Each structure stands twice: as structure tokens, then as C-alpha cells.
Amino acid sequence: MNLKTFMRGIHLREEKELAEKSAIRRVFPEGEMVFPLSQHIGAPARPLVAPGDQVRMGQMIAEPAGPISAAICSSVSGKVKAVEPRLTVSGEYKEAVVIENDGLYTPVDGFGEPRDYQSLSREAILSIIRDAGIVGMGGAGFPTAVKLSPENFEQVDFLIINAAECEPYLTSDHRLMLERPDELLGGIRVMLRLLPNARAVIGIEDNKPDAVKLLSEKCSGDPKISVQPLKTKYPQGGERMLIHAVTGRDINASMLPAAAGCVVQNVATAVAVYNAVCRSTPLITRVMTISGDGVSTPCNLEVSIGVSHRQVMEAAGGLKGDPEKLISGGPMMGTALYTLDIPVQKTSASILALLHDPVAANPSTPCIHCGRCVAACPERLVPQMMQVAADHDDFETFEKLHGMECIECGCCTAVCPAHRTLTQSFKYGKASVNRLRREAKAKAGEKA
Ligand code: SF4
Ligand code: SF4
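Definitions and cut-offs
Residues numbered from 1 in each chain as written. Chains lettered and ligands numbered in written order. Predicted model: local features only at pLDDT ≥ 70, side-chain atom pairs only at ≥ 80, totals over all residues. Heavy atoms only, no water. Helix = DSSP H or I, 4+ residues; strand = E, 2+ residues; numbered from the N terminus. Rg over C-alpha atoms; globule rule 2.2 N^0.38 Å. Buried < 20%, exposed > 50% of the residue type's maximum accessible area, 1.4 Å probe, protein only. Areas by Shrake-Rupley, 256 points an atom, 1.4 Å probe, with all protein chains shown as cover. Lys, Arg positive; Asp, Glu negative; His and termini not counted. Charge placed at Lys NZ, Arg CZ, Asp CG, Glu CD. Near = heavy atom within 4 Å. 1 Å grid on protein atoms, 1.4 Å probe; cavity = no way out; pocket = protein on both sides within 12 Å on 5 of 7 lines; lining within 4 Å. Sits in = over half its atoms within 2 Å of the grid points. Nonpolar A, V, L, I, M, F, W, Y, C, P; charged D, E, K, R; others polar. Pairing = 2+ DSSP bridges. Contact = heavy atoms within 4.5 Å. Axes fitted to C-alpha atoms, helices over the stretch in contact; angles between N-to-C directions. Points joined across faces, edges and corners; volume = space filled by probe spheres on them. Arc of directions from axis to C-beta. Salt bridge = Lys/Arg side-chain N within 4 Å of Asp/Glu carboxyl O. Parallel < 35°, antiparallel > 145°, perpendicular 65-115°, else oblique. Left-handed = near helix turned anticlockwise from the far one by under 90°. Core = buried A, V, L, I, M, F, W, Y, C linked by side-chain atoms within 4.5 Å.

**What to know about the overall build of the protein chain**
Then step 1. When helices and strands are tallied, the protein chain shows 14 helices and 17 strands.
Then step 2. Here the C-alpha radius of gyration of the protein chain, 22 Å, is about what a compact globule of 448 residues would show, namely 22 Å.
Then step 3. Overall, the protein chain is about 65 × 60 × 50 Å in size when its C-alpha atoms are taken along their principal axes.
Then step 4. Across the 448 residues that make up the protein chain, the buried fraction comes to 55%.
Then step 5. Carbon and sulfur atoms form 52% of the exposed surface of the protein chain, whose accessible area is close to 19,400 Å².
Then step 6. Positive and negative side-chain charges of the protein chain, numbering 48 and 51 respectively, have mean locations separated by a distance of 4 Å.

The structure is reproduced here in C-alpha cells:
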């Protein structure tokens, strides 16, 4: 295999064997469903329903509230109970539409009907993707219609499908590639229609040889789609790492991929595009991996967006033992959870339950200047110096050290023998710099 990759990064224990053979199983929710209005990058959606309203499955219940925003569609039929703040995966209370599921799944008119994308204009396809509420489902949550319509769309020559799935434990994209390859390729063809001068490259880590083989066979007759096997290395699925591996081009934090002629979409997003455009089905479900040694039956489930993490965990047989750590997303870039009573969002790729929390078991000690963090950083940063700056609120130095280029991948923290909480410091440093920039901008606006 001709493997491509990026500089530095780390090799992690994959732990994918726990769930990778588990075929996707659909789970139907019961009871209350919670749809936060902000589950994407950009402005929170604007609610279109009020308490007491009756809604159908697939109905838009909140509309995009600006150019960078996303619609939200109900995954069930039932009655709106409330529009009120609810606890979300971020640990914050956010405004949400709460619907009591009637269990009937009564769809909106036209739901599921086949549609020929080739008869649709570019604007019509983008409008369907926007109304379907599709966002990047790999974790970022950037509205997909916006990503697919950069100003220089005619100069985009690469549509890169992020099929690396480089975080340990996660297997949902792998299962989608094996079980729904035609939907994936269909979604890619729809997106290629929006990027007329692009060719698509599906980047898959070589720890998924069955997916590489199947998709290579499936697209062998299509000159515009190919598969690129990638070295299994973390964070191969990082947008900048993937662009570099596939095209040899580099971007930094201030550039959009389109500036380098690339648009990157992940596997689940491509499948969602196919469902919306070719099957008149908005984004109302997603496939999640439920895994870890604290889960009774690690598996891959297709769940309704809005269902509680607790119901999803119960569908996987519930917790096993007394897990020290619950995570939404992967162990490297995911969010630690202190409760399962929060709703599944469009970006919720997984729930992990781990019996032992490695962070709690290894308290932080002083830096021994070994340089391992530097050798691991895919952005070629100097984490030990950045941490000193961030921890002393010296944001000028943090910026001079290119701290804003940090992608928060966690490689430095993972290799540090002193168990320094480096990534945590960089999240704080980046958030502080962004806050200071906003304040300076507001001040400049006041003066003008
Ligand atoms: S890996 Fe840890 S101990 Fe080594 S230089 Fe970096 S911060 Fe210091
Ligand atoms: S978290 Fe940031 S500093 Fe650490 S390895 Fe990743 S990109 Fe580099």
C-alpha cells in the first residue's frame, strides 16, 4: 500500500477491537427529547415552535439564525413541552426545544422520497443541505452548506473525505464505510456537483483494510473518486494533517482549507448529504460508538438526535463496573461527562466509559525538559514553553510561540512523562487570547 501521512504525531493503543465488528443497530428513543439550539459552530438556531405545538418527524423546529448557523429538525413526532435552557454536553445550560415523543414517528409530507440530484441546480442542493441541518459530524459542527460554498468554489480541486477515524475506540465511520458505502459514494457525488473542478479522495487509515478494499472496488470505475490509504497515526484525521497527507499543501489557523484548494468532509457528513438530497431525509439520526471497558456491550448504534446519553448507554447494555471516566467523543479530544442525562447532538460521535482514569492516576509533576512534547507535536510547537506562558497569563508570549496554532490534539500531554496537563493550559490560553481580541475589537468599535 502507498501510505501517506504527516510529520510527527503519535501512535496510540487503538482499542477499536471492542466495537469494530459490531454492525450498526437502530435504537428508537422513548420519552422526552431535547434539541439544543446551539449544536454547531455559529449563531444558535432560532426556534420555530412553541410549547403546545404538535410536530412531526423531520420537521424543521429551529431555523438558521444567520449566514453561519444551522437548522434543527425533529427526530420524532410529538408535542413541544418547552423551549428552555437544558444541560448540554459542554457542561453548560443552553436554550433547547424539548419534545415529548409520542412514539409514532409520524413523518412530514415527502419524508424519505427519492430525489434525483442531477436534476437539481447548485443553489437547490445547497438549500436542501442547509434546511436538513447538516453540520460537520466529525466533531467540529461547522455548517456543511457553508463549507461547500466557499467564494472560490471553482478553484477547489480536492474534496477530501476524512475517513481516518484516528481516535482510539471510535468505529462508527468504519462501520458506515462497510455497511453504507453506496450512500457514502452518493453523498460524495452530490458534493462533487457543488465543486465542479474537484476530485474526491477518501483518506482511510491502514488499520481499516476492509474499508480500503471495499471502497477502492466500488469507485474503481469513477475517475473522480479514489481511495488514499493513510498511515495509522494520531491525529491523522486533523484537518491540517489530512490536507498535508493527501495533497502536500499546508494551511495555518488563520486559513480556511478552501484557500489551499481543499474542502474536507467526514464520512458521516457525506452520508447525511446523500440522505438529505437523494432521500429527502434531514439530519435526525447519527451513528455512535459506545465503547470502553466500562460498557457492558460495546457497539455501534444509530440513535435519534435529541435522545439522552443515558438511553443510549442502556441500549448498549448499560455500564459495567464503576467507571472512573465517562467521555463524549474520543479519549484524546472528547469532553469528560459527569452525567449521562444530556442529549445526543449532531456531533456526538461516541460515549466512552473507562474503568480507570489515567489522568487521576498520574498526578502532574515538574517538567524535566525532556523534549518529548516537542517531538510529538504535529504543529511543530514548543508545548513546554507555551504552558509556562499560558499558566502565567502571559498571552503575548503565548501568541509569539504560535500557541494559537495548537489544534488541542493532546499528543503532547499523552507523551509527557511528568503528566503535565499541557492541552488544558492551551485551551485556556487560546480562549483567553480570543477573549482579549474580542474585547479589543469592541473597544475599537466604540471609539470609531
Ligand atoms: S514532555 Fe513534559 S516533561 Fe518533557 S519537556 Fe514536555 S512538558 Fe516537559
Ligand atoms: S495539543 Fe497543541 S501543542 Fe500539544 S501536541 Fe497538539 S497541537 Fe501540539
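Having seen the model, we can carry on.
**A short note on the site of ligand 2**
Then step 1. Taken together, 13 residues are adjacent to ligand 2, and Cys-377, Cys-406, Cys-409, Gly-410 and Cys-412 come closest.
Then step 2. Under a 2 Å grid-point criterion requiring more than half of the atoms, the pocket assigned to ligand 2 is the largest cavity.
Then step 3. In terms of residue class, the shell around ligand 2 is built from 10 nonpolar, 2 polar and 1 charged.

**Points about the sheet that holds strand β1 (residues 25-26)**
Then step 1. The mixed open sheet is built from 6 strands, whose spatial order is β1-β14-β13-β17-β15-β16. The sheet is open, and its two borders are formed by β1 and β16 (335-337), each paired with just one other strand.
Then step 2. By the bridge criterion, 2 bridges tie β1 to strand β14 (residues 299-304) in an arrangement that is parallel. Bridged to Arg-26 within β14 is Glu-302.
Then step 3. Packed on one face of the sheet, helix α3 (residues 172-179) meets β13 (285-291) and β14 and runs near 125° to β13.

**Re the site of ligand 1**
Then step 1. Taken together, the residues surrounding ligand 1 are Cys-367, Ile-368, His-369, Cys-370, Gly-371, Cys-373, Gln-384, Cys-416, Pro-417, Ala-418 and Arg-420.
Then step 2. Taken together, the residues of the shell around ligand 1 break down into 7 nonpolar, 3 polar and 1 charged.

**What about empty space enclosed by the protein?**
Then step 1. If you walk through the whole model with that rule in mind, you get 1 cavity of 30 Å³ or more.
Then step 2. Empty space within the largest cavity amounts to approximately 80 Å³.
Then step 3. Along the walls of the largest cavity sit 13 residues, with Cys-377, Leu-381, Cys-406, Cys-409 and Cys-412 positioned nearest its centre.
Then step 4. When grouped by side-chain class, the residues that make up the lining of the largest cavity number 9 nonpolar, 2 polar and 2 charged.

**Some words on helix α5 (residues 209-218)**
Then step 1. Looking only at α5, the buried set comprises Ala-211, Val-212 and Leu-215. An end-on view of α5 places all buried positions within 100° of arc, on one side of the element.
Then step 2. Structurally, α5 contributes buried residues whose contacts are with α3, α4 (181-194), β10 (199-205) and β11 (225-230).

**Side note on the sheet that holds strand β6 (residues 72-73)**
Then step 1. Strand order across the open sheet formed by 3 strands is β3-β5-β6, with antiparallel pairing between neighbours. Edge positions in the open sheet fall to β3 (46-47) and β6, since each of these has one partner strand only.
Then step 2. Looking at chain direction, strand β5 (residues 60-63) and β6 are connected through 2 bridges and run antiparallel. Across the sheet, Ala-62 pairs through a bridge with Ile-72, a residue of β6.

**Quick notes on the pattern of salt bridges**
Then step 1. On inspection of all chains with the given rule, the structure shows 24 salt bridges.
Then step 2. Between Glu-217 and Lys-213 there is a salt bridge, and its shortest N-O distance comes to 3.1 Å. In this pair, Glu-217 and Lys-213 are both assigned in helix α5, 4 residues apart and thus about one turn of the helix distant.
Then step 3. By relative accessible area, Glu-217 is classed as partly exposed at 47%.
Then step 4. Notably, a salt bridge pairs Arg-435 with Glu-439, separated by 3.5 Å at the nearest N-O pair. Note that Arg-435 and Glu-439 are positioned in helix α14 (residues 422-447) at a spacing of 4 residues, about one turn of the helix.
Then step 5. Overall, Arg-435 belongs to the partly exposed group, its relative accessible area being 35%.
Then step 6. What you see here is one network of salt bridges that share partners, running through Glu-32, Lys-81, Glu-84, Arg-86 and Glu-100.

**Focus on the packing of helix α1 (residues 122-131) against helix α7 (residues 267-279)**
Then step 1. One way to put it is that α1 packs onto α7 with a least axis distance of 9 Å and a crossing angle of 115°. By the angle between their axes, α1 is roughly perpendicular relative to α7. Taken as a pair, α1 and α7 cross one another with a handedness that is right-handed. Here Ile-125, Ile-128 and Ile-129 of α1 lie close against α7, whose contacting residues are Val-273, Ala-276 and Val-277.
Then step 2. Among the residues making up the contact of α1 with α7, the classes are represented as 6 nonpolar, no polar and no charged.

**A look at the nonpolar core**
Then step 1. If you look at the biggest cluster of nonpolar residues, it comprises 52 residues, and the most contacted ones within it are Ile-129, Leu-159, Leu-184, Ile-188, Ile-202, Ile-204 and Val-277.
Then step 2. Of all the secondary-structure elements, those providing two or more residues to this core are α1, β9 (158-163), α3, α4, β10, α5, β11 and α7.
Then step 3. Per element, the largest residue contribution to this core is 10 residues, and it comes from α7.
Then step 4. Ile-129 has contacts with Ile-134, Thr-144, Ala-145, Leu-148, Leu-194, Val-273 and Val-277, leaving out every residue within four places of it along the chain.
Then step 5. In terms of nonpolar packing, the next biggest core, distinct from the first, is built from 37 residues, Met-33, Ala-45, Ile-284 and Ile-342 among them.

**Topic: unusual backbone geometry**
Then step 1. Note the cis peptide between Tyr-234 and Pro-235, where omega equals 0°.
Then step 2. Secondary-structure assignment places Pro-235 in the loop between β11 and α6 (239-247).
Then step 3. Even without being a glycine, His-402 presents a positive backbone phi close to 65°.
Then step 4. In this fold, His-402 is placed in the loop between α12 (395-400) and α13 (411-415).

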